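# Inside the fold
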Amino acid sequence: MQIDLRSDTVTRPSKGMLDAMRTAKLGDDVYAEDPTVNALEARVAALFGKPKALFFPSGTMANQTAIKLHTQPGEQLICDKYAHVYNYEGGGVSFNSGVSCQLVDGHRGMMTAAQVEAAINPPDFYHSPLTSLVTLENTTNKGGGACWDFNEISKIRTVCDAHDLGLHLDGARLWNALVAKSESALQYGQVFDTISVCFSKGLGAPVGSMLVGDEALMNKALRIRKMLGGGMRQIGSLAAAANYALDHQYDRLKDDHQKAKDIAEVLQQLEAVLSVEPVETNIVIFKLNPNIPEALFLDNLKAHDILVSDMGSGKLRMVTHLDYTDAMHANLLEILRKP
Ligand SMILES: *Cc1c(COP(=O)(O)O)cnc(C)c1O
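Residues numbered from 1 in each chain as written. Predicted model: local features only at pLDDT ≥ 70, side-chain atom pairs only at ≥ 80, totals over all residues. Heavy atoms only, no water.

Following the criterion strictly, the structure yields 7 aromatic pairs and no others. On the basis of an interplanar angle of 50 degrees and a centroid distance of 6.1 Å, the ring pair of Phe48 and Trp175 is categorised as tilted. With Phe48 in helix H2 (residues 35–48) and Trp175 in helix H8 (residues 174–181), this pair connects stretches of sequence that are 127 residues apart. Pair check on accessibility: Phe48 and Trp175 agree, each one buried. Pairing Tyr188 with Phe192 gives two aromatic rings, centres 6.3 Å apart and planes at 5 degrees, and the pair type is stacked. Considered together, Tyr188 and Phe192 belong to a single accessibility category, that of buried residues. (Phe/Tyr/Trp six-rings, centres within 6.5 Å; stacked < 30°, edge-to-face > 60°. Helix = DSSP H or I, 4+ residues; strand = E, 2+ residues; numbered from the N terminus. Buried < 20%, exposed > 50% of the residue type's maximum accessible area, 1.4 Å probe, protein only.)

In structure tokens, the structure reads:
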């Protein structure tokens, strides 16, 4: 029995999801005629209290589209040094938008409003790139699934208003934050100009992301999505999978969070482990003692058919998900506890 904890993206569609996909009504979404996509877009827009939502093949394309919406070539966005848009989108920020990133040295992928304000280039100082956008990430991926304090987000909104900056949320795992902190999507819709969310992470759909925003921004987003090659045709089956995930695989995210906490507790007791980052959602990041070679630790896990991610700088990552069963969980904890 393989235990794959590399990411929450490794899940397969469940039987119920496959049934929903098979029976979905289809149409050509480039003509906005796929009823299942249209219904999902309306549902997600309403969830966030935004006028419009647009379905994307990936979270990366949704984020890249948002960045393009809010910036002009030569300008600069502000993000944390751990940000997915900076680290894990293939340099798309510069490739697609001609924009540079002002990196902020935040805590677990999260910045303070004061740090954001200090990172803004004075608009009349034409030697520096013009700051036009702030992007946040919730939960933070490289930050170990940490959740933002919503008060700090509100303060960052105030800073953005004062300096005429756009505010985008990379909410690939926002669902996990909403569940962990009992927050509502609506409150996020009120403070951000655009939000991207993923159905292919903890929710367990095979593909799909959504970008939400106001009418004018989303009409522009439609053209950018087209230019990036993200206009797709009879994709109602993908929207049906996402819709099914929202209906049936949302509340269970709390189970992933509990399992991640259990894993962290056991890791903490291991001699081989130096430190474990606090677990708030479904990601566990930990460091080994310097006398334990990483390769040896990973090989030992691999011998038990357990896969985890190497995040670099001595950090290892485990992510719990839909297909990580109770039986696998019991098995993993037992294997870890073995000397
Ligand atoms: C996974 C992820 C994305 C989007 O990734 P895709 O693989 O392109 O869907 C964006 N931001 C964060 C923080 C992520 O973890």
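Past the structure itself, the notes keep going.
To continue, consider the sheet that holds strand E13 (residues 315–319). With respect to topology, 4 strands assemble into an open sheet ordered E9-E10-E13-E12, the strand pairing being antiparallel. Two strands lie at the open edges of the sheet, namely strand E9 (273–276) and strand E12 (309–312), each paired on one side alone. Neighbour-to-neighbour, the strand axes of the sheet open up by a mean angle of 35 degrees, direction not taken into account. Note: E9 against strand E10 (residues 283–288), 3 bridges, orientation antiparallel. By the bridge assignment, Ser275 is partnered in E10 with Lys287. (Pairing = 2+ DSSP bridges. Axes fitted to C-alpha atoms, helices over the stretch in contact; angles between N-to-C directions.)

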